Amino acid sequence: MPPSLEANWNAVLRRMASAAVGSGRGVDAVALVAVTKSVQASLAAELCRLGQFDLGENRADELERKVAYFRARGIAARWHFV
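Residues numbered from 1 in each chain as written. Predicted model: local features only at pLDDT ≥ 70, side-chain atom pairs only at ≥ 80, totals over all residues. Heavy atoms only, no water.

A.B. asks: Which residues make up the pairing of strand 2 (residues 54-57), and what are the values?
C.D. replies: Across the two faces of strand 2 the burial is the same, with Asp 54 and Gly 56 and Leu 55 and Glu 57 all buried. Taken together, the two bridges between strand 1 (residues 34-35) and strand 2 define a ladder with parallel strand orientation. Counterpart to Ala 34 in the pairing with strand 2 is Leu 55. For the handedness criterion, the β-α-β arrangement of strand 1, helix 2 (residues 41-50) and strand 2 is classed as right-handed. Crossover handedness for the path strand 2 to helix 3 (residues 60-72) to strand 3 (residues 78-81): right-handed. (Buried < 20%, exposed > 50% of the residue type's maximum accessible area, 1.4 Å probe, protein only. Helix = DSSP H or I, 4+ residues; strand = E, 2+ residues; numbered from the N terminus. Pairing = 2+ DSSP bridges. Right-handed = clockwise from strand over helix to strand, strands pointing away.)

Geometry only, nothing functional implied.
See below:
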């Protein structure tokens, strides 16, 4: 896993939590969908290992390819077509 992936993901989560609280919402009132455009399936899978299961893709062919990659490895992501 690239050393900065976990740090970047955690930084985004902290910023989201701060924005949610700052707007009077609870942290659980917002959700992150990590868009995997132009990212290899293996790197997207690392996000799931960190706990980020909502993933988005904007090209149908890439979505199908990544879904197949994840299924073959038993990784249960929640895919969103964006």
